[in-house]
Amino acid sequence: MAAPGDSWATWLAGRSSEHRARGLWRTRRSRVPGAVLDFAGNDYLGLAGDPRLAEAQAEGARHYGAGGRASHLVSGHLAVHEALEHRLATLTGRPAALLFSTGYMANLGTLQALCDSDTRVFQDRLNHASLIDGARLAGARSRRFHHGDLGDLERLLARAADDGRRLVVSDGVFSMDGDVADIAGLAATSTRHGAWLMVDDAHGLGVLGEAGDGCVGRAHGIERVPVLVGTLGKALGSAGAFVTGSQALIDHLIQFARPYIYTTAQPPGVAATTLKALELLEAEPERRDRLHTRIRRFRKEAATLGLPLAASSTPIQPLVLGDSQRVMCWAAWLAERGMAVGAIREPTVPRGQARLRITLSAAHTDADLDALLEVLADCSTRDAIAEGEAIS
Ligand SMILES: Cc1ncc(COP(=O)(O)O)c(C=O)c1O
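Along each chain, residues carry numbers from 1 onward, in the same order as the chain's sequence is written. Predicted model: local features are reported for residues with pLDDT of at least 70 only, side-chain atom pairs are reported and counted for 80 or more only, and whole-chain, interface and lining totals are derived from all residues. The side-chain figures draw on all heavy atoms in the structure; neither hydrogens nor water molecules are used.

## Some points on the overall build of the chain
Turning to step 1, where the next piece is worked out: Put simply, DSSP marks the helices as runs of H or I at least four residues long and the strands as runs of E at least two long, and each gets a number from the N terminus on. For the chain, the helix and strand inventory stands at 14 helices and eleven strands.
Turning to step 2, where the next piece is worked out: Dimensions of the chain, computed from the C-alpha atoms along their principal axes, are close to 65 × 55 × 50 Å.
Turning to step 3, where the next piece is worked out: A contact between two residues is defined here by any heavy atoms of the two lying within 4.5 Å. Within the chain, contacts between residues at least 6 apart in sequence are counted, and of these 73% link residues at least 24 apart.
Turning to step 4, where the next piece is worked out: Accessible surface, the chain: about 18100 Å² in total, of which carbon and sulfur atoms supply 55%.
Turning to step 5, where the next piece is worked out: The charged-residue count follows a simple rule in which Lys and Arg add positive charge and Asp and Glu add negative charge, with His and chain termini not counted at all. One atom stands in for each charge, and that atom is NZ of Lys, CZ of Arg, CG of Asp or CD of Glu. The positive charge centre, built from 43 side chains, and the negative charge centre, built from 45, are 3 Å apart in the chain. Every accessible area reported is derived by Shrake-Rupley at a probe size of 1.4 Å, with residue values counting cover from the shown protein chains alone.

## Re helix α1 (residues 6-21)
Turning to step 1, where the next piece is worked out: Between the first and last C-alpha of α1 there are 22 Å, a value that for 16 residues agrees with the 22 Å anticipated at 1.5 Å per step.
Turning to step 2, where the next piece is worked out: Taken from the residues just after α1, Gly23 is the one with a positive phi, measuring 70°. The length a helix should cover is 1.5 Å for every residue beyond the first.

## Brief notes about the packing of helix α5 (residues 103-114) against helix α9 (residues 247-256)
Packed helix pairs are characterised by how far apart their axes lie and by the angle those axes make with each other.
Turning to step 1, where the next piece is worked out: Helix axes use the C-alpha atoms of the stretch in contact, all axes being lines fitted to C-alpha atoms, and the angles between their N-to-C directions lie in the range 0 to 180 degrees. Between α5 and α9, the shortest axis-to-axis distance is 9 Å and the interhelical angle comes to 95°. Judged on the interaxial angle alone, α9 and α5 are roughly perpendicular. Residues Gly109, Thr110, Gln112, Ala113 and Leu114 of α5 lie in contact with α9, whose contacting residues are Leu249, His252, Leu253 and Phe256.
Turning to step 2, where the next piece is worked out: Three classes are used: nonpolar for Ala, Val, Leu, Ile, Met, Phe, Trp, Tyr, Cys and Pro, charged for Asp, Glu, Lys and Arg, and polar for all others, with Gly counted as polar. In terms of residue class, the contact of α5 with α9 is made up of five nonpolar, four polar and no charged. For classification, angles of less than 35 degrees are called roughly parallel, those exceeding 145 degrees roughly antiparallel, those between 65 and 115 degrees roughly perpendicular, and all remaining angles oblique.

## Structural notes on the pairing of strand β6 (residues 196-200)
Turning to step 1, where the next piece is worked out: Counting buried positions along β6 yields four of five residues, so the element is predominantly enclosed.
Turning to step 2, where the next piece is worked out: Here strand β5 (residues 166-171) runs beside β6; their pairing, made up of five bridges, is parallel. Counterpart to Asp171 in the pairing with β6 is Asp200.
Turning to step 3, where the next piece is worked out: As a crossover connection, the stretch from β5 through helix α8 (residues 183-192) into β6 is right-handed.
Turning to step 4, where the next piece is worked out: Two strands pair when backbone bridges link them, and β6 and strand β7 (residues 227-231) are joined in this way by three bridges, in the parallel orientation. Its bridge partner being in β7, Val199 is matched across the sheet by Leu228. Only protein chains enter the accessibility calculation, which uses a 1.4 Å probe; a residue whose area is less than 20% of its type maximum is buried, one above 50% is exposed, and one in between is partly exposed. For two strands to be treated as a pair, DSSP must find no fewer than two bridges joining them. With strands facing away from the observer, any crossover in which the path from the first strand over the helix to the second runs clockwise is taken as right-handed.

## Considering the pairing of strand β10 (residues 339-344)
Turning to step 1, where the next piece is worked out: Summarising burial for β10: five of the six residues are buried, a large majority.
Turning to step 2, where the next piece is worked out: As judged from the three bridges shared by strand β1 (residues 37-39) and β10, these two strands associate in the parallel manner. Note on β10: the bridge partner recorded for Leu37 is Met339.
Turning to step 3, where the next piece is worked out: The pairing of β10 with strand β11 (residues 354-359) spans three bridges and is antiparallel. Residue pairing in the sheet places Ile344 in a bridge with Arg355 of β11.

## Here we look at the UniProt feature "binding site: substrate" (unreviewed entry) in the chain
Turning to step 1, where the next piece is worked out: UniProt positions are given in the numbering used here, feature names are shortened, and annotations may be inferred rather than shown by experiment. When the UniProt feature table is mapped to this numbering, "binding site: substrate" (unreviewed entry) covers Arg26, His128 and Thr348.
Turning to step 2, where the next piece is worked out: For Arg26, the location among the structural elements is in the loop between α1 and β1.
Turning to step 3, where the next piece is worked out: When its relative accessible area of 47% is taken as the criterion, Arg26 is described as partly exposed.
Turning to step 4, where the next piece is worked out: Residue contacts for Arg26: discarding those within four places in its chain leaves Arg345, Glu346, Pro347 and Thr348.
Turning to step 5, where the next piece is worked out: Within the secondary structure, Thr348 sits in the loop between β10 and β11.
Turning to step 6, where the next piece is worked out: Once you skip the residues sitting within four places of it in the chain, Thr348 turns out to touch Arg26 and Met176.

Written as structure tokens, this is what we have:
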């Protein structure tokens, strides 16, 4: 007779070997900051390692205590959280904001609280997993439109029965492609069909917009984008996320967003870190300028080398190689030379579109970029040789 639990062991082994056989097995490598040249992270402004943020975190912990203690609705909501929410609402030009522990939870919580089986949700095909999962959690009726295709969205909205609330959902900057959504077009289409628009600007906040307020921010007010999400663990170098919009929206989320209600408040030192990052975002606009100069230079020189970069003007610069094994080879060659890049495969991106996700930061120097371009040129040569050997 099989021992209890044997079927679980068999199932685990089967899933693992199937995943390995498809070249999709993922591994973690523990890293020491600074040991490799990092072109994989989301620290676009180079704030994550800034000693002023570390000091703000320590000071926040000394003042308020290190732990979150309780959920916001019990006794975990502190003055520092409140101050941060006000600051985030001001940055994005909206009346109110609500802090979440992570971007994943902000998206889950917002969609779960706004949607139910009477809601029709229309999502860009390349939206982040947390947006897709949030609509599933809510039991909403979801449709996905072709990436960035307003005509397809229009068609889906026009065909859908007009029998309840409608929500159009899009990333602001697409996390694996780096392109920016047409916010004005999405807003106009949504309004025409009586839908609200929700944008997750995780990768635009801090990087785009006049004041680093993102691709939505103050340029597209609450009447165009009633639900705006931003994350704090990317360009702002801290952690957490927020939703911003009308006071009525925020009040609703406080009452009904389960990933907000049933979790411990963010540690106050983290909120203090983010406040410091926002201060630096305003005081040091040259970080954004430096970043955009690096992006332009990288694209120009990569084009000269004939590297197949996707069209992107943001710090996310995907080099689409197609095949998962090929992406893993390039990532390994880069690692041999002390460089980390993201090796992105399905299911994160569609099959056949595996890519190196190269990310740039204001913290990179010109010499760092020179080194990256040199190694990418080498990878391209090695790849051509390997391909030639495979054919002959
Ligand atoms: C578009 C987008 N939304 C949300 C998230 C989740 O944010 P967090 O890492 O804070 O959970 C990410 C991060 O990976 C993202 O890329």
